[in-house]
Amino acid sequence: QVQLVVSGGGLVQAGGSLRLSCAASGRTFRRSPMCWFRPAPGKRREFVAAISWSGDTTRYADSLKGRFTISRDNAKNMVSLQMNSLKVEDTAVYYCAASTVDIVGVVNRPDYWGQGTQVTVSS
């Protein structure tokens, strides 16, 4: 069992930055790939970013690559999403998820979900 607690959301003006954190507990964390999602029109969720259990492999949505950066520190049981040059279109609830399998599994079929945190970007 992996428990995820997300923090760092808030209100920011367009062009600003926010850093989301996902604190994890459980013995499987060090071997768990992690992923960030947000809701999207016409879909249950939109992929944002993912990272392998070792941190050596990352994936991003094409529209976000270059602005968002995912990282992890297994010693601190923490995964982060650094969001720069934020746009109004980035406004959403962001969710942290984990998989017991691999990075493909966490993107397509996560096993655990955090509560989510609201990010609001104003113009």
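Calculation rules
Residues numbered from 1 in each chain as written. Predicted model: local features only at pLDDT ≥ 70, side-chain atom pairs only at ≥ 80, totals over all residues. Heavy atoms only, no water. Phe/Tyr/Trp six-rings, centres within 6.5 Å; stacked < 30°, edge-to-face > 60°. Helix = DSSP H or I, 4+ residues; strand = E, 2+ residues; numbered from the N terminus. Lys NZ or Arg CZ within 6 Å of the ring centre and 35° of its normal. Pairing = 2+ DSSP bridges. Axes fitted to C-alpha atoms, helices over the stretch in contact; angles between N-to-C directions.

A full pass over the atoms with the stated rule returns three aromatic pairs. Ring geometry for Y95 and W113: centres 6.3 Å apart, planes at 80°, overall edge-to-face. Separated by 18 residues along the polypeptide, Y95 in strand β9 (residues 92-98) and W113 in strand β10 (residues 112-113) bring together distant segments of the chain. An aromatic cluster of at least three residues, connected via ring pairs, comprises F37, F47, Y95 and W113. In this structure, R45 packs its charged tip against the face of F37, placed 4.8 Å from the ring centre.

We now examine the sheet that holds strand β8 (residues 78-83). Spatially, β1-β3-β8-β7 is the arrangement adopted by the four strands of the open sheet, whose pairing is antiparallel. On the outer flanks of this sheet lie β1 (3-7) and β7 (68-73), each paired with one strand and no other. Recorded for the sheet is a direction-independent mean angle of 15° between the axes of neighbouring strands. Where β1 and strand β3 (residues 18-25) come together, five bridges link them in antiparallel fashion. Its bridge partner being in β3, V6 is matched across the sheet by C22.

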